[in-house]
Amino acid sequence: MKTQLTNIKSNIIGELKKIAGKSNVLTEYEDRYCYAYDATAIGEDLYLPDAVILPENKHQISEILKIANENKIPVITRGAGTNLVGGCIPLKGGIILHTSKMNRIINIDKTNLQCTVEPGVSVEKLQQEVEKQGLFYPPDPASLKVSTIGGSIAQSSGGPRGFKYGTTKDYVLGLEAVLADGSIIKTGGKTVKNVTGYNLNQLLTGSEGTLGVITLATLRLIPKPEERQVLLACFESIDEAAKAVTEIISAKITPSTLDIMDKNTMQTIEKFHQTGLPTDMDAVLVLEVDGFKESVPVQAGRIMDICRASGAKNIRISRSRQEADEIWFARRSAFGAVARLNPNVLTEDAVVPLDKIPDMVREIRRITDKYSLTVCIMGHIGDGNIHPNFSLDLRDKDQAKRFEQAAEEIFNAAIFFGGTLSGEHGIGYSKSAFINKALGPKNIELMKAIKNTFDPNGILNPDKIFARN
Ligand SMILES: Cc1cc2nc3c(=O)[nH]c(=O)nc-3n(C[C@H](O)[C@H](O)[C@H](O)COP(=O)(O)OP(=O)(O)OC[C@H]3O[C@@H](n4cnc5c(N)ncnc54)[C@H](O)[C@@H]3O)c2cc1C
């Protein structure tokens, strides 16, 4: 078991308490232990932070970062800790900045179709509040009940609705962030168009807590679609399901979601929640259509025709909001259900161009069979973003090794098909060993230069994204 050295002297803890308030600085072993983990299975190593701070505003964060920078103390920002790449794990100890106390929706601006929020607001809370005003914030990571806006901007999270509406990056208009030296910057703004200088807004989006701490976000909203309907199309072969996806896309129909679950996933979900999934089928597509009332049945009808022509044996269609929510409940339970099978679950997140989806699905199955691993395949197939969820016991060293080999082959396959390592989960710690292969030396050199400009002492989320030397 690895642990890291303590970085912070007690006089510094005293200074941090003066800045953030005594009760907002946690240093007891039990508290620090709770923040040694995020949603990523990392085996038996323990990486304890030296302190956990719950800041209440940007000024406190700025003062904390000034001290951390002077003393070269690592700082890892944490939202809900649901990321799947070890992004919040304090690999070198240091300070965890937990944004849970910065959780206000500052305003919802119906005229300019935007809202301004603090980073600790949950995605679901924001969606509920804007929907009360007839507006819509589409990005919908399956973790949305708890995952935060700050975390989803830092990961540029996606979700099922990415197919039609894009991902978090498409909704970030403006950010406020505190840099490693404590300076506070604003990027982007409140305008829809903005080409004044380099796009620092998009640089911070997806930067995984390595360039700055996001303290405020102005997000674009759109009108809430009038109507939605969910379809569950059942296929005897996953190949047919993958083919249906490419046919729907070629027919220029744009469902708001185009997700897939394979047989193992359905059987696992049904073990824990009886949701009525067709466990005898090889795969289902979960499709949602939305828009004006009149257009929804037309879209649903065309999709049903294409699915049938591609081999769908049965298609269930929601007739009420409750039925739609039931289908989504099944899909959103998938990760949790897989997590109950074994001590560990690890999710890959490779993404390929749309015409390579069937090839990639076949390749994932071949690779997981080759290494005799239990895998549940699900994901946002319409985006070419497939998540094989591996059910593992990482205490079994042979199994852990086989998983590593399979993951590497999956990444290689994605790159071979013209795709890349991650569609939405990011790189963090768990995929950093593969980034050189995906991006090549010149890109890595440029990215490291950017990191060095923002954070010359390397205190922000160290050893994430880039391969460790
Ligand atoms: C069951 C389950 C389902 C999931 N489904 C999806 C999905 O459909 N799509 C998807 O994209 N992801 C998904 N994820 C991954 C994860 O939920 C998302 O990445 C999510 O957006 C992370 O939000 P968080 O608040 O938990 O961030 P955290 O995990 O706390 O942090 C994530 C990263 O962001 C950094 N960070 C957090 N807050 C800030 C901030 N204010 N400023 C700067 N950096 C910050 C952290 O340092 C870390 O590197 C899923 C995870 C689980 C467990």
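From a predicted model like this one, the values you see are computed outputs, not experimental measurements.

Engineer: Break down the overall build of the protein chain for me, with residues and values.
Structural biologist: Scanning the protein chain from N- to C-terminus turns up 16 helices and 18 strands. Taken over the C-alpha trace, the protein chain has a radius of gyration of 22 Å; the compact-globule value for 469 residues is 23 Å, and the two agree within 12%. Taking the principal axes of the C-alpha coordinates as reference, the protein chain spans close to 70 × 60 × 45 Å. Within the protein chain, the proportion of its 469 residues that are buried is 58%. Counting only contacts in the protein chain whose residues sit at least 6 apart along the sequence, the fraction spanning at least 24 positions is 72%. Just so you have it, the protein chain exposes about 20000 Å², and 51% of that area is on carbon and sulfur atoms.

Engineer: Tell me what's going on with the domain arrangement of the protein chain, and back it up with residues and numbers.
Structural biologist: Here the protein chain is partitioned into domain 1 (10–101), domain 2 (105–223) and domain 3 (227–336). For domain 1 and domain 3, the distance between their C-alpha centres works out to 41 Å.

Engineer: Give me the lowdown on the sheet that holds strand 4 (residues 95–98), citing residues and values where you can.
Structural biologist: Judged by pairing direction, the sheet is mixed, and its 4 strands sit side by side in the order 1-2-4-3 without closing on themselves. Only two strands of the sheet have a single partner each, and these edge strands are strand 1 (25–26) and strand 3 (75–78). Pairing analysis gives 2 bridges linking strand 1 to strand 2 (residues 51–53), with the strands arranged antiparallel. Bridge pairing links L26 to V52 in strand 2. Of the strands in this sheet, strand 2, strand 3 and strand 4 are in contact with helix 3 (residues 58–70), which crosses strand 4 at around 170°.

Engineer: Summarise the environment of M378; cite the residues concerned and give the values.
Structural biologist: In this fold, M378 is placed in strand 17 (residues 374–380). Each C-alpha atom, one on M378 and one on V284, is 9.5 Å from the other, the two residues being 94 residues apart in sequence. With residues near it in sequence (within four places) discarded, M378 still touches I260, M261, T265, R331, A334, F335, V338, I386, H387 and N389.

Engineer: Break down the state of the cysteines for me, citing the residues and quoting the values.
Structural biologist: Evaluated as defined, the whole model comprises 0 disulfides. C234 takes part in no disulfide bond, and the closest cysteine sulfur to it belongs to C307, at a distance of 9.7 Å.

Engineer: An account of the site of the ligand is needed here, citing residue identities and associated values.
Structural biologist: Taken together, 34 residues sit near the ligand, with T77, T82, S143, T148 and S157 positioned nearest. Residue A142 places a main-chain N or O atom 2.9 Å away from an oxygen atom belonging to the ligand. I214 places a main-chain nitrogen or oxygen 2.8 Å from a nitrogen atom of the ligand. Here the ligand, which alone exposes 980 Å², has 95% of that area covered by the protein. Taken together, the elements giving at least two residues each to the shell around the ligand come down to strand 3, helix 5 (149–155) and strand 10 (213–220).

Engineer: Describe the nonpolar core, with residues and values.
Structural biologist: Note on soluble globular proteins: their nonpolar side chains tend to be buried together. Core analysis: the largest hydrophobic core is formed by 60 residues, its most contacted members being L285, L287, C307, M360 and I381. A total of 8 residues in this core trace back to one element, the largest contributor, which is helix 14 (residues 397–416). Of all hydrophobic cores here, the second largest spans 26 residues; its members include V121, L135, I149 and A217.

Engineer: Break down the packing of helix 13 (residues 357–370) against helix 14 for me, with residues and values.
Structural biologist: When two helices pack together, their arrangement is captured by the angle between the axes and the distance separating the axes. Between helix 13 and helix 14, the shortest axis-to-axis distance is 10 Å and the interhelical angle comes to 160°. As the angle between them shows, helix 13 and helix 14 are arranged roughly antiparallel. The hand of the helix 13/helix 14 crossing is right-handed. For the pair helix 13 and helix 14, the contacting residues are M360, E363, I364, R366, I367 and K370 in the first and A406, E409, I410, A413 and A414 in the second.

Engineer: Please set out the packing of helix 8 (residues 238–250) against helix 10 (residues 295–309) residue by residue, giving values where relevant.
Structural biologist: Between helix 8 and helix 10, the least distance of the axes is 9 Å, while the angle of their chain directions is 140°. When the interaxial angle is binned, helix 8 and helix 10 end up oblique. Considering only the axes of helix 8 and helix 10, their crossing is right-handed. When helix 8 is examined against helix 10, the residues A244, E247 and I248 are found in contact with a partner set consisting of I303, I306 and C307. In terms of residue class, the contact of helix 8 with helix 10 is built from 5 nonpolar, no polar and 1 charged.

Engineer: Which residues make up the sheet that holds strand 5 (residues 105–109), and what values go with them?
Structural biologist: Pairing in this open sheet of 5 strands is antiparallel, and the strands run 5-6-10-8-9 from one edge to the other. Two strands close off the open sheet at either side, each with one partner strand: strand 5 and strand 9 (184–188). The sheet shows a mean angle of 10° between the axes of neighbouring strands, taken without regard to direction. Strands in contact with helix 3 are strand 8 (172–178), strand 9 and strand 10; relative to strand 8, the strand with the most contacts, it is inclined by about 50°.

Engineer: Summarise the pattern of salt bridges; cite the residues concerned and give the values.
Structural biologist: A complete count under the given rule lists 30 salt bridges for this structure. Put simply, K164 and D290 hold a salt bridge, and the shortest N to O gap is 2.6 Å. Taken as a pair, K164 in helix 6 (residues 162–165) and D290 in strand 14 (residues 283–291) lie far apart in primary sequence, 126 residues in all. Classification of D290 by relative accessible area gives buried; the value is 3%. The closest approach of N and O atoms between D305 and R308, which form a salt bridge, is 3.9 Å.

Engineer: Any details on helix 4 (residues 123–132)? Residues and values, ideally.
Structural biologist: Here helix 4 has its buried residues at V123, L126, Q127, E129 and V130. Looking at the packing, one finds that the buried side of helix 4 touches strand 5, strand 6 (114–117), strand 7 (135–136), helix 5 and strand 10.

Engineer: Give me the side chain of S207: which residues, what numbers.
Structural biologist: Structurally, S207 can be placed in the loop between helix 7 (200–204) and strand 10. With relative accessibility at 7%, the residue S207 sits in the buried group.

Engineer: Could you give an account of unusual backbone geometry, with specific residues and numbers?
Structural biologist: Although it is not a glycine, K252 sits at a positive phi angle of roughly 60°. When you line up the elements, K252 lands in the loop between helix 8 and strand 13 (257–262). K252 sits in the exposed class, given a relative accessible area of 73%.

What counts, and at which threshold
- Residues numbered from 1 in each chain as written.
- Predicted model: local features only at pLDDT ≥ 70, side-chain atom pairs only at ≥ 80, totals over all residues.
- Heavy atoms only, no water.
- Helix = DSSP H or I, 4+ residues; strand = E, 2+ residues; numbered from the N terminus.
- Rg over C-alpha atoms; globule rule 2.2 N^0.38 Å.
- Buried < 20%, exposed > 50% of the residue type's maximum accessible area, 1.4 Å probe, protein only.
- Contact = heavy atoms within 4.5 Å.
- Areas by Shrake-Rupley, 256 points an atom, 1.4 Å probe, with all protein chains shown as cover.
- Domains from an automatic or database assignment.
- Pairing = 2+ DSSP bridges.
- Axes fitted to C-alpha atoms, helices over the stretch in contact; angles between N-to-C directions.
- Disulfide = S-S within 2.5 Å.
- Near = heavy atom within 4 Å.
- Polar contact = N/O pair within 3.5 Å; in protein donor to acceptor, adjacent residues only side chain to side chain.
- Core = buried A, V, L, I, M, F, W, Y, C linked by side-chain atoms within 4.5 Å.
- Parallel < 35°, antiparallel > 145°, perpendicular 65-115°, else oblique.
- Left-handed = near helix turned anticlockwise from the far one by under 90°.
- Nonpolar A, V, L, I, M, F, W, Y, C, P; charged D, E, K, R; others polar.
- Salt bridge = Lys/Arg side-chain N within 4 Å of Asp/Glu carboxyl O.

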